[in-house]
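# Structural description and commentary
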Amino acid sequence: MIEIIPLPALKDNYIWLLKNKISRHVVIIDPSEAEPVLDLVKSDNLIPIAIMITHHHWDHVGGIPGITEQFNIPVYTPKTETVAGSTHPVGEGDVIALPELELSFKILDVPGHTSGAVAYYTEERVFSGDTLFTAGCGRMFEGTPPQMHASLSKFKTLPDKTLLYCGHEYTVANLKFAASVEPDNKAIQERLQLAEEARSLNQPTVPATLAEEKITNPFLRCDKPAVISAASNFSGKSLQEPAEVFAAVRQWKDNF
Ligand SMILES: [Zn+2]
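Anyway, here's the lowdown on the structure attached to this text. Just so it is clear, the structure is predicted and the values come from calculations on it, not from any experiment.

### Comments concerning the pairing of strand β4 (residues 47–52)
- In terms of residue burial, β4 counts as a mostly covered element, since five of its six residues are buried.
- Where strand β3 (residues 25–29) lies against β4, five bridges are found, and the strand directions are parallel. Of the residues in β4, the one forming a bridge with Ile29 is Met52.
- A crossover connection joins β3 to the parallel β4 through helix α1 (residues 35–43); in handedness this β-α-β unit is right-handed.

Following this line, the structure appears as C-alpha cells:
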C-alpha cells in the first residue's frame, strides 16, 4: 500500500515521497528544500524513515540538514560523491531494505550527469535524479558521452512497465526537442499534446513508463535510423556508434 507523492520544489524540481498509506512511514528522495517536506510531514502526520539522494547537486540535497535536524534518519548518498549529512554511502549492487515500507531498493550506478550519480529501483519504479528525464536526459556536467550513454542504456534493461520518476518537470521542453530530432515520430507529437494539457492544468507529467520513453525519448533511441540520420546531419558527418550519436544529440540539445 504505497503512495508516491510528487512534491514540487524550487523552480521545477520534484522531491519524491514514498509513503506507506497505512503506517504513514515515508522515505524522501532528493529533498531540494526542507520546508515543503516538513510542512507535509506535519500536516499529514507522516513518519520520515530515510532520505535517498541521487547526486550531489544543491537542488537535490539542500533539504537534508533541515530534515535531519528534526528527524534522526539515515541519509543514503552516492558513495563516490561528497554530500554533507550522508550516513550511508551506496553504489551499484547495494540493496536498501526498508521494512516500514515493505520495499527494497536496488542501487544502479548511472554516472554522466555527475561522476557518481545513482538511481534507486524498486518494484518497477525507478528514481533517476537528473540522469534520465521524461523525454530527455541530464546535461553531462562531470561525465563523458560514452559513460552517459552506458548509464542511459542501463535504464533500458529495466522492465518496460517500470515507471520513471525524475528530478525535474522538463517533459514539454524535452518533447519539443524530441520532435525536432524526429519530426515524423507521431508518438512524440501525441505525447507532447498530452504533456501540454497536463501542464496547463498544473499537473505533473512525471512519472512515465520506460515503454513510453523508448518510443519518444531521443536519448534512448540512438540506435534508431531516424535518430542516427538526424544526429549525422547535425554534426555534419556520418555517425554509426550509438555513443557518438548520443554525443551529437546531447550537443544539439545543449544548443537548442
Ligand atoms: Zn543535477
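### Brief notes about the packing of helix α5 (residues 171–181) against helix α6 (residues 186–200)
- Axis separation between α5 and α6 bottoms out at 9 Å; the angle between their running directions is 160°. One way to sum up the angle between α5 and α6 is to call them roughly antiparallel. Between α5 and α6 lies a crossing whose hand is left-handed. Contacts between α5 and α6 involve Thr171, Val172, Leu175, Lys176, Ala178 and Ala179 on the former and, on the latter, Ile188, Gln189, Arg191, Leu192, Ala195, Glu196 and Arg199.

### Focus on the sheet that holds strand β1 (residues 2–9)
- In space, the six strands of this open sheet follow the order β1-β2-β3-β4-β5-β6, with mixed pairing throughout. Because the sheet does not close on itself, it has two edges, and the strands there are β1 and β6 (88–90). Strand-to-strand twist in this sheet, taken as the mean axis angle between neighbours without regard to direction, amounts to 25°.
- Lying over the sheet, α1 contacts β1, β2 (13–20), β3 and β4, oriented at roughly 140° with respect to β1.

### Structural notes on the pattern of salt bridges
- The tally for this structure, following the rule as stated, stands at twelve salt bridges.
- Here Lys224 ties to Asp223 by a salt bridge, and the two come within 3.9 Å at their closest N and O atoms.
- The exposure class assigned to Lys224 is partly exposed, which follows from its relative accessible area of 33%.
- Each of Arg139, Arg250 and Asp254 takes part in salt bridges that share partners, so that together they form one network.

### Thoughts on empty space enclosed by the protein
- Following the criterion strictly, the structure yields one cavity of 30 Å³ or more and no others.
- The space that makes up the largest cavity amounts to roughly 30 Å³.
- Along its surface, the largest cavity is lined by Tyr14, Trp16, Ile29, Asp30, Thr54, Phe127, Ser128, Gly129, Tyr165, Cys166 and Gly167.
- Contributing elements (two or more residues each) for the lining of the largest cavity: β2, β10 (125–129) and β13 (163–166).
- Of the residues forming the lining of the largest cavity, the biggest block, three residues, is contributed by β10.
- Along the lines of polarity and charge, the residues of the lining of the largest cavity split into six nonpolar, four polar and one charged.

### Points about the pairing of β10
- For β10, a buried count of five out of five residues is recorded, marking the element as mostly surrounded by other parts of the structure.
- Side chains Arg125, Phe127 and Gly129 project from β10 onto one buried face, and the interleaved Val126 and Ser128 project onto a second face that is buried too.
- As defined by bridge partners, strand β9 (residues 118–122) adjoins β10 across three bridges and the pair is classed as antiparallel. Opposite Tyr120, over in β10, you have Phe127 as the bridge partner.
- Between β9 and β10, which pair antiparallel one after the other, the connecting turn spans two residues, and Glu123 there sits at a positive phi close to 40°.
- Across four bridges, the pairing between β10 and β13 is parallel. Within β13, the residue paired with Phe127 across the bridge is Tyr165.

### A look at the environment of Trp252
- Position of Trp252 relative to the elements: it lies in helix α9 (residues 242–254).
- Look at Trp252 and you get buried, because its relative accessible area is 16%.
- Trp252 sits 71 residues away from Val181 along the chain, and the two C-alpha atoms are 9.2 Å apart.
- When neighbours within four sequence positions are excluded, Trp252 is seen to be in contact with Phe177, Ser180, Val181, Ala230, Ala231 and Phe234.

### Side note on the layout of surface pockets
- One number sums up the size of the largest pocket: a volume of about 290 Å³.
- Taken together, 18 residues form the lining of the largest pocket, with Phe133, Gly138, Arg139, Tyr170 and Arg250 sitting closest to its centre.
- Of all the secondary-structure elements, those providing two or more residues to the lining of the largest pocket are β12 (136–137), α5 and α9.
- The greatest single-element share of the lining of the largest pocket, amounting to three residues, is contributed by α9.
- Tallied by class, the residues present in the lining of the largest pocket amount to six nonpolar, six polar and six charged.
- Lining the second largest pocket are 13 residues; nearest its centre among them are Pro8, Tyr14, Glu169, Arg199 and Asn202.
- When contributions to the lining of the second largest pocket are tallied by element, the ones reaching two or more residues are β1 and β2.

About the criteria used
Residues numbered from 1 in each chain as written. Predicted model: local features only at pLDDT ≥ 70, side-chain atom pairs only at ≥ 80, totals over all residues. Heavy atoms only, no water. Buried < 20%, exposed > 50% of the residue type's maximum accessible area, 1.4 Å probe, protein only. Helix = DSSP H or I, 4+ residues; strand = E, 2+ residues; numbered from the N terminus. Pairing = 2+ DSSP bridges. Right-handed = clockwise from strand over helix to strand, strands pointing away. Axes fitted to C-alpha atoms, helices over the stretch in contact; angles between N-to-C directions. Parallel < 35°, antiparallel > 145°, perpendicular 65-115°, else oblique. Left-handed = near helix turned anticlockwise from the far one by under 90°. Contact = heavy atoms within 4.5 Å. Salt bridge = Lys/Arg side-chain N within 4 Å of Asp/Glu carboxyl O. 1 Å grid on protein atoms, 1.4 Å probe; cavity = no way out; pocket = protein on both sides within 12 Å on 5 of 7 lines; lining within 4 Å. Points joined across faces, edges and corners; volume = space filled by probe spheres on them. Nonpolar A, V, L, I, M, F, W, Y, C, P; charged D, E, K, R; others polar.

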